[in-house]
Amino acid sequence: MDAYEKLEKVGEGTYGKVYKAKDKKTGQLVALKKTRLESDEEGVPPTALREISLLQMLSQDLHVVRLLDVEHTESKTGKSLLYLVFEYMDSDLKKYVDTFRRSQTKMPPKLIKSFMYQICKGVSFCHSRGVMHRDLKPHNLLVDKERGLVKVADLGLGRAFTIPIKKYTHEIVTLWYRAPEVLLGTTHYSTPVDIWSVGCIFAEMSRMHALFQGDSELQQLLHIFRYLGTPNEDIWPGVTKLRDWHAYPQWKPQDLSLAVPDMEPSGVDLLSKMLIYEPSKRISAKKAMQHPYFDDLDKSQF
């Protein structure tokens, strides 16, 4: 790791510490993700290998954070360390939205549209390569403020999904962005879980605060039901058979445009297609990119 000079610790990731560092040769800023490998294992554990191979495959897209290098070293005490070297991004969407919130201004609608398109593009790329993220939230979308770029990051929980879709643990996405099928305990889910999260992020950029803010799985579901109406077998076949389904209070759906008063009608239409209860009916990331909401966006820049 002599090639890099650590500048400061910038956070803790799923698997270890993250540092801002500089490539001594080129002067390029990078993010070092340091992962301690379990010492009782021979070589590199499968989870780390899985993440690395996914990241290398996904790094080809402009809207996925680039993995530049992988270094396997040993610490002074002989512990096995793995460093993943990523391009450095100066902010994330959570911090970025917070700067607007603090100055009591809103994100310009044109910027929201540009960011949304890029997020859909990055997510679409992952999905087309057989990878779902499963933990999309503003914190995991990195922002290059100078160039106005957004990139999908922290694919630590992403896993290649196979057909038929295997059972996955459902302790995943941060509650506020978690899809209702996951909250209701489904064991079979796929790429629509990411689309739900993207919809929640879309609404948040427009409103400047999260759309559904629950502090438990039940609270989260109730927040969703209050806004979108309590689902039933007619609008979501099979919902009452899900593991954590109970008799919930009956709410009628509200007008979604009231939740995002500053959003243009075509944006509200796209949002409503992302927040459809039945996962198979939810719009795909690829289809979302073709939605009329993006008609007046200059897509050539991406």
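Note that the structure is a prediction, hence the values are computed from the model and not measured.

The rules behind these values
Residues numbered from 1 in each chain as written. Predicted model: local features only at pLDDT ≥ 70, side-chain atom pairs only at ≥ 80, totals over all residues. Heavy atoms only, no water. Helix = DSSP H or I, 4+ residues; strand = E, 2+ residues; numbered from the N terminus. Buried < 20%, exposed > 50% of the residue type's maximum accessible area, 1.4 Å probe, protein only. Contact = heavy atoms within 4.5 Å. UniProt positions renumbered as here; feature names shortened; annotations may be inferred. Polar contact = N/O pair within 3.5 Å; in protein donor to acceptor, adjacent residues only side chain to side chain. Pairing = 2+ DSSP bridges. Axes fitted to C-alpha atoms, helices over the stretch in contact; angles between N-to-C directions.

S.K.: Could you clarify how one ought to interpret the environment of Phe100 in this entry?
M.R.: Its location among the elements puts Phe100 in helix α2 (residues 93-102). The class of Phe100 is buried, set by a relative accessible area of 15%. Counting along the chain gives 108 residues from Phe100 to Met208, while the straight-line C-alpha distance between them is 8.0 Å. Excluding residues that lie within four positions of it along the chain, Phe100 makes contacts with Thr105, Lys106, Met107, Pro108, Leu111 and Met208.

S.K.: Any chance you could explain the UniProt feature "binding site: ATP" (unreviewed entry) in the protein chain here in plain terms?
M.R.: UniProt records the feature "binding site: ATP" (unreviewed entry) at Lys33, using the numbering of this structure. Structurally, Lys33 is set in strand β3 (residues 29-36). By relative accessible area, which is 8% here, Lys33 ends up buried. Those residues in contact with Lys33, other than ones at most four positions away along the chain, are Lys17, Val18, Glu51, Leu82, Tyr83, Leu84, Phe86 and Asp154.

S.K.: Would you mind showing me how to read the environment of Tyr83 here?
M.R.: Looking at where Tyr83 falls in the secondary structure, it is placed in strand β5 (residues 80-87). A C-alpha to C-alpha distance of 9.4 Å links Tyr83 and Val18, two positions 65 residues apart in sequence. Dropping the residues within four chain positions of it, Tyr83 is found in contact with Met1, Lys6, Leu32, Lys33, Lys34, Asp69, Val70, Glu71 and Thr73. Of note is the side chain of Tyr83, whose polar atom sits 3.3 Å from the side chain of Lys6.

S.K.: Can you walk me through the sheet that holds strand β1 (residues 4-12) in this structure?
M.R.: What holds strands together in a sheet is hydrogen bonding between their backbones, with the strands either parallel or antiparallel. Here 5 strands make up an open sheet; going across it, the order is β1-β2-β3-β5-β4 and the pairing antiparallel. Strands at the two margins of the open sheet, each flanked by one partner only, are β1 and β4 (67-74). Put simply, the sheet's adjacent strands are angled 25° from each other on average, direction ignored. Relative to strand β2 (residues 16-23), β1 is paired through 7 bridges, and the arrangement is antiparallel. Within the sheet, the bridge partner assigned to Glu12 lies in β2 and is Lys17.

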